[in-house]
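# Structural overview for review
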Amino acid sequence: MNIFNYLIDTIKKRGAVFCVLIDPDKTPYQGLEGFVKKSKDLNVDAIFVGSSLLLNDSFDKMVQQIKSHSEIPVILFPGSPKQVSQYADAILFLSLISGRNPNFLFGDHVIAAPSIRENKIEPIATGYMLVESSSVSTTEFISNTRPIPRNKPDIAAAHALAAEYIGLKLIYLEAGSGAPQTVPDEMIRAVNQICSLPLIVGGGITTPDQARAKVAAGADIIVVGNSLENNWKDNLILEYAKAIHN
Ligand code: 1GP
């Protein structure tokens, strides 16, 4: 199955895509298995796996375990070129376009590309944009880049348009994992208005109502991590799905 097409089809069918992020640094596999097995029935559309740091060496094993129990696509959301696993269906091939650090614009990609090919994983070229929250995100610190000011939607829109012209396939507006403030709805609207690429929004979403507002503003794919980590409550997951889908 082509995962990019699956995402596009799901946007058409359900209005928006609901992705749950599993961070191997934060989530022990124990306790997770039940969620992964039920994820399709809970109306989750895809599982993202990735970490901005990766402090343990069980990444590949974790992806294998998730994949073996999952009926929905498993997509890598890598914080470094080390986070490539043969067990995943696809990988967000991220360029940190909000920053000007060459390694994250086109450097780590060169290191990762041969193993993505070798492992037959579908790469999905994604323009990744960090958006200012009220605290410094791990990605901002590690990448040594500045996020887009949250009161400057026009700057975000111009970045997204340039990414579309360059030929990227997705845009990711990221407030940072566990961010105290989510990506502003006004910024989502501005990007959506000018750029026709599917728009992923994540970081700091803690309620289904917030997710619903992001979709109403123009988000096509919603990523929820922290709010569900170690708290795999069926009711809450179903509520998120209901808020995100039409
Ligand atoms: C982080 O966008 C994701 O990269 C998800 O963030 O963990 O805050 O939901 P949260």
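Placed above this text is the structure.
Owing to the predicted nature of the structure, the values given are computational and were not obtained by experimental measurement.

Conventions used here
Residues numbered from 1 in each chain as written. Predicted model: local features only at pLDDT ≥ 70, side-chain atom pairs only at ≥ 80, totals over all residues. Heavy atoms only, no water. Helix = DSSP H or I, 4+ residues; strand = E, 2+ residues; numbered from the N terminus. Phe/Tyr/Trp six-rings, centres within 6.5 Å; stacked < 30°, edge-to-face > 60°. Buried < 20%, exposed > 50% of the residue type's maximum accessible area, 1.4 Å probe, protein only. Salt bridge = Lys/Arg side-chain N within 4 Å of Asp/Glu carboxyl O. Near = heavy atom within 4 Å. Polar contact = N/O pair within 3.5 Å; in protein donor to acceptor, adjacent residues only side chain to side chain. Areas by Shrake-Rupley, 256 points an atom, 1.4 Å probe, with all protein chains shown as cover. Nonpolar A, V, L, I, M, F, W, Y, C, P; charged D, E, K, R; others polar. Axes fitted to C-alpha atoms, helices over the stretch in contact; angles between N-to-C directions. Parallel < 35°, antiparallel > 145°, perpendicular 65-115°, else oblique. Left-handed = near helix turned anticlockwise from the far one by under 90°. Contact = heavy atoms within 4.5 Å. Patch = residues over 30% accessible without salt bridge, like charges linked within 9 Å, V, L, I, M, F, W, Y side chains within 5 Å. Pairing = 2+ DSSP bridges. Right-handed = clockwise from strand over helix to strand, strands pointing away.

### Considering unusual backbone geometry
Phi at Asn-43 is positive, roughly 65 degrees, even though this residue is not glycine. Phi at Lys-120 is positive, roughly 55 degrees, even though this residue is not glycine. Mapped onto the elements, Lys-120 comes out in the loop between helix H5 (108-118) and strand E5 (122-130).

### Structural notes on the packing of aromatic side chains
Enumeration according to the criterion identifies six aromatic pairs in this entry. For the pair Phe-48 and Phe-77, a centre-to-centre distance of 6.0 Å together with 45 degrees between the ring planes defines the contact as tilted. Here Phe-77 lies in the loop between strand E3 (74-76) and strand E4 (90-96) and Phe-48 lies in strand E2 (residues 46-49), a separation of 29 residues in the sequence. Each member of the pair, Phe-48 as well as Phe-77, is classed as buried. Considering the side-chain rings of Phe-77 and Tyr-172, the 4.9 Å spacing of their centres and the 10 degrees angle between planes classify their relative orientation as stacked. Of this pair, Phe-77 sits in the loop between E3 and E4 while Tyr-172 sits in strand E6 (residues 170-174), and the two are 95 residues apart along the sequence.

### Focus on the pattern of salt bridges
Evaluated as defined, the whole model comprises seven salt bridges. Ionic pairing is found between Asp-234 and Lys-38, a salt bridge with its closest N-O pair at 3.0 Å. Here the residue Asp-234 occupies a position in helix H10 (residues 234-244), and Lys-38 occupies one in helix H2 (residues 32-38), the gap between them amounting to 196 residues. On the basis of relative accessibility, which here comes to 28%, the residue Asp-234 falls in the partly exposed class. Between Asp-89 and Lys-67 there is a salt bridge whose closest N-O contact spans 3.0 Å. Of this pair, Asp-89 sits in the loop between E3 and E4 while Lys-67 sits in helix H3 (residues 59-69); the two residues are 22 residues apart in sequence, bridging distant segments of the chain.

### Let's talk about the site of the ligand
Surrounding the ligand, one finds 13 residues, the nearest of these being Glu-174, Gly-178, Gly-204, Gly-225 and Asn-226. Contacts to the ligand include Tyr-172, whose side-chain N or O atom sits 3.0 Å from an oxygen atom. Contact between the ligand and Gly-204: an oxygen atom at 2.7 Å from a main-chain N or O atom of the residue. Contact with the protein chains hides 96% of the accessible area of the ligand, taken as 300 Å² for the molecule alone. Tallied by class, the residues present in the shell around the ligand amount to four nonpolar, eight polar and one charged.

### A few points about the packing of helix H9 (residues 208-217) against H10
At their nearest, the axes of H9 and H10 sit 8 Å apart, and the two run at 20 degrees to each other. In terms of orientation, H9 and H10 fall into the roughly parallel class. Of the two possible hands of crossing, H9 and H10 adopt the one that is right-handed. For the pair H9 and H10, contact is made by Pro-208, Ala-211, Arg-212 and Val-215 and by Leu-236, Glu-239, Tyr-240, Ala-243 and Ile-244, respectively. Here the residues of the contact of H9 with H10 are counted per class, giving seven nonpolar, no polar and two charged.

### A closer look at a nonpolar patch on the surface
On the surface, Leu-53, Leu-55, Val-136, Phe-141 and Ile-142 cluster together into a nonpolar patch covering about 550 Å² of accessible area. Note on placement: Leu-53 falls in the loop between E2 and H3. Since its relative accessible area comes to 41%, Leu-53 is described here as partly exposed.

### Here we look at the packing of helix H7 (residues 153-166) against helix H8 (residues 185-194)
Two numbers describe how H7 lies on H8: the axes approach to 8 Å, and their chain directions differ by 35 degrees. Crossing hand, H7 versus H8: right-handed. Counting all contacts with H7, which are made through Pro-153, Ala-156, Ala-157, Ala-160, Leu-161 and Glu-164, the residues of H8 involved are Glu-186, Met-187, Ala-190, Val-191 and Ile-194. Grouping the amino acids of the contact of H7 with H8 by side-chain chemistry returns nine nonpolar, no polar and two charged.

### Focus on the environment of Asn-2
When you line up the elements, Asn-2 lands in the segment before helix H1 (3-14). By relative accessible area, which is 37% here, Asn-2 ends up partly exposed. In this structure, the C-alpha to C-alpha distance between Asn-2 and Ala-90, residues 88 residues apart in sequence, is 8.6 Å. From its side chain, Asn-2 meets the backbone nitrogen of Asn-5 in a polar contact 2.7 Å long.

### Focus: the pairing of E2
Where burial is concerned, the two faces of E2 agree: the one with Ala-46 and Phe-48 and the one with Ile-47 and Val-49 are both buried. Both strand E1 (residues 17-22) and E2 contribute to a ladder of four bridges, which runs parallel. By the bridge assignment for E2, Leu-21 is matched with Phe-48. This β-α-β element, E1 to H2 to E2, shows right-handed connectivity. Pairing of E2 with E3, which is carried by three bridges, proceeds in the parallel orientation. Its bridge partner being in E3, Phe-48 is matched across the sheet by Ile-75. After leaving E2, the chain enters H3 and then returns to the sheet as E3, a path that is right-handed.

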